[in-house]
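Commentary on secondary and tertiary structure
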Amino acid sequence: MNTARKARWAVRQSALPTVVKPCLSCTGTRHRPSGKFRVNASGKLLDVWLLLNCALCDRTSKVPVHERTHVSSLDPARLVAYESNARAAVGEWAMSASLAAKNGYRLDWTGTWRLQAEAGLDIPHVLDASAPLTVSVRFELPAPVRVERLLMIGLGTSRTEVRRMVADGRIRLPSAPGAKTHRDFEFRIERDGAVDVAGHPTVPVARSEPRKRSSPGRVAVFGVRPRVLSPAP
Ligand SMILES: [Zn+2]
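These remarks concern the structure in this document. These numbers were taken from a predicted model, which means no experiment stands behind them. (Residues numbered from 1 in each chain as written. Predicted model: local features only at pLDDT ≥ 70, side-chain atom pairs only at ≥ 80, totals over all residues. Heavy atoms only, no water.)

**Some thoughts on the environment of E186**
Put simply, the rule reads: A run of DSSP states H or I qualifies as a helix once it reaches four residues; a run of E qualifies as a strand once it reaches two. Both are numbered from the N-terminal end. Buried, partly exposed and exposed residues are distinguished by accessible area as a fraction of the type maximum, computed with a 1.4 Å probe on protein chains only: under 20%, between the cut-offs, and over 50%, respectively. For this analysis, residues touch if any pair of their heavy atoms sits within 4.5 Å.
As for its position among the elements, E186 is in strand β12 (residues 185–189). Accessibility expressed as a relative area gives 47% for E186, which makes it partly exposed. Through-space distance from the C-alpha of E186 to that of V137 is 6.0 Å; in sequence the pair is 49 residues apart. For E186, the contacting residues outside a window of four places in its chain are T134, V135, S136 and P174.

**With respect to the layout of surface pockets**
Selection rule: The method works on a 1 Å grid over the protein atoms by themselves. A cavity is a set of points holding a 1.4 Å probe that cannot get out, a pocket is an open set with protein on both sides within 12 Å along at least five of seven lines, and residues with an atom within 4 Å of a point line them. Grid points are joined across faces, edges and corners, and a volume is the space filled by probe spheres set on the points. Each residue is assigned to one of three groups, with Ala, Val, Leu, Ile, Met, Phe, Trp, Tyr, Cys and Pro labelled nonpolar, Asp, Glu, Lys and Arg labelled charged, and all others, Gly among them, labelled polar.
Approximately 300 Å³ is the volume found for the second largest pocket. Forming the boundary of the second largest pocket are 14 residues, of which W109, T110, W113, P144 and V145 lie nearest the centre. Looking at the lining of the second largest pocket, the elements with two or more residues in it are β6 (106–108), β9 (145–146) and α4 (147–155). Per-class residue counts for the lining of the second largest pocket are 6 nonpolar, 3 polar and 5 charged.

**What about the packing of α4 against helix α5 (residues 159–167)?**
To keep it simple, the criterion reads: Interaxial angle, 0 to 180 degrees, is taken between N-to-C directions of lines fitted to C-alpha atoms, where a helix line uses only the stretch in contact. Orientation categories follow fixed angle ranges, with anything under 35 degrees roughly parallel, anything over 145 roughly antiparallel, 65 to 115 roughly perpendicular, and all other angles oblique.
Contact pair α4 / α5: the axes reach a minimum separation of 9 Å and the direction vectors enclose 105°. Compared by their axis directions, α4 and α5 come out roughly perpendicular. Contacts from E148, L151, M152 and L155 in α4 reach R159, V162, R163 and M165 in α5. Split into classes, the residues belonging to the contact of α4 with α5 amount to 5 nonpolar, no polar and 3 charged.

**Side note on α5**
The following threshold applies: This arc is taken over the directions from the axis of the helix to the C-beta atoms.
Taken together, the buried positions of α5 are V162, R164 and M165. Taken end-on, α5 shows its buried residues confined to a sector of 165°, consistent with a single buried face. Buried-residue contacts for α5 involve α4 and β10 (171–172). Backbone geometry just downstream of α5 places G169 in the positive-phi region, at approximately 85°.

**Quick notes on the nonpolar core**
When a protein is soluble and globular, its nonpolar side chains tend to lie buried together. Short version of the rule: The term nonpolar core refers to a set of buried residues drawn from Ala, Val, Leu, Ile, Met, Phe, Trp, Tyr and Cys, joined through side-chain atoms within 4.5 Å. Residue ranges assigned to each domain were obtained from an automatic or database domain assignment.
Ranked by internal contacts, the top residues of the largest apolar core, which has 46 residues, are L50, V137, L150 and F187. Shared between two domains, this core holds at least three residues of each, these being domain 1 (5–12 + 111–195) and domain 2 (18–108). Among residues more than four places away in sequence, those in contact with L50 are K36, F37, S61, K62, V63, V65, V90, W93 and A94.

**Some points on the coordination of the zinc ion**
Metal coordination angles in their ideal form are 109.5 degrees for the four-donor tetrahedron and 90 or 180 degrees for the six-donor octahedron. What counts, and what does not: Water is not among the atoms examined, so metal sites may look incomplete; donors are the N, O and S atoms within 2.8 Å of the metal, or within 3.2 Å for Na, K and Ca. Angle rules define the geometry names used: all angles between 85 and 135 degrees makes four donors tetrahedral, while opposite donors over 155 degrees apart and all other angles between 65 and 115 make four donors square planar and six octahedral, leaving every other case irregular.
Around the zinc ion, the donor atoms from the protein are C23 (SG), C26 (SG), C54 (SG) and C57 (SG), and they sit 2.3 to 2.4 Å away. One can describe the site at the zinc ion as tetrahedral: its 4 donor atoms subtend angles covering 104 to 114° at the metal.

**With respect to the packing of aromatic side chains**
For any pair of aromatic rings, geometry is given as the distance between the ring centres together with the angle between the planes. Heads up, the condition is: In this scheme Phe, Tyr and Trp rings, the latter by its six-membered ring, pair at centre separations within 6.5 Å, and the angle between planes marks the pair as stacked below 30 degrees, edge-to-face above 60, and tilted otherwise. Note on geometry: a ring has a charge over it if NZ (lysine) or CZ (arginine) is within 6 Å of the ring centre and within 35 degrees of the ring normal.
For the coordinates displayed, the defined rule picks out 3 aromatic pairs. Their ring planes at 65° and their centres at 4.8 Å tell us that F37 and Y82 sit as a pair that is edge-to-face. With F37 in strand β3 (residues 30–42) and Y82 in helix α1 (residues 76–83), this residue pair connects regions lying 45 residues apart in the sequence. As far as burial versus exposure is concerned, F37 and Y82 are alike and both buried. Three or more aromatic residues joined by ring pairs form one cluster here, namely W9, F185 and F187. It is K62 that lies over the ring of W49; its NZ or CZ is 3.9 Å from the centre.

**Describing the sheet that holds strand β7 (residues 113–119)**
Rules: Think of it this way: DSSP has to see at least two bridges between two strands before they count as a pair.
One open sheet accounts for 5 strands, arranged β7-β1-β8-β12-β10; its pairing is mixed. Sheet topology places β7 and β10 at the edges, where each strand pairs with a single neighbour. Across the sheet, α4 is in contact with β1 (5–13), β7, β8 (133–139), β10 and β12; its angle to β7 comes to roughly 60°.

**Examining the sheet that holds β6**
Strand order across the open sheet formed by 5 strands is β5-β4-β3-β2-β6, with antiparallel pairing between neighbours. In this open sheet, the two strands that pair with only one neighbour each are β5 (60–70) and β6. Here the strands of the sheet are splayed against their neighbours by 40° on average, with no regard to which way each runs. Against the sheet, α1 engages β3, β4 (45–54) and β5, with an angle of about 125° to β3. Seen against the sheet, helix α2 (residues 87–94) touches β3, β4, β5 and β6 and runs at an angle of roughly 110° to β3.

This is a description of form; function is not addressed.
Okay, here's the thing in structure tokens:
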């Protein structure tokens, strides 16, 4: 019988990233896209800028998107998007890591995304110990997010618990839990006890008890660390 279950999570966009660069008028460094482009035509050559506003003094600054570009080399639909300040085009350039690198500014992705369940299960997902679960995570925006942060939200648990489950082999990730990613990935949550070859449950070891060395094989093979719990009050 196949008891494997699947769920899909999506990292959805809730805001555009903040552009971090010095303002020429004040001490502020944080800029928001104004939602507009400026297009300048000089004969057959075009300049297109993305306009930003300083969050502190509101001064407008511009980031070159196309410089001295021949009008024939630009898709007509693109030009319409720039001239009409199309939201999608603003978003695309405001989130562009290559535009940021080219113009020497940093993008702050704080508060730009939220994790949402697409299919299968709710968020936070309460772990069902009886069946393995495969979760695919899809990114709607290129926000670099720590893998463990997604798991903490998605599973409603702490960083310590996520790291423990990864170390125990209960959660199988394609990268280290502390690594940042903005690309789609899949991870698997094993059945509780699936990591124990001998079939023994992974019993918490109370601090007051002497540590038993009854299953060294499990420790060696899977890197399972005994959980240490505080004695009951
Ligand atoms: Zn300013």
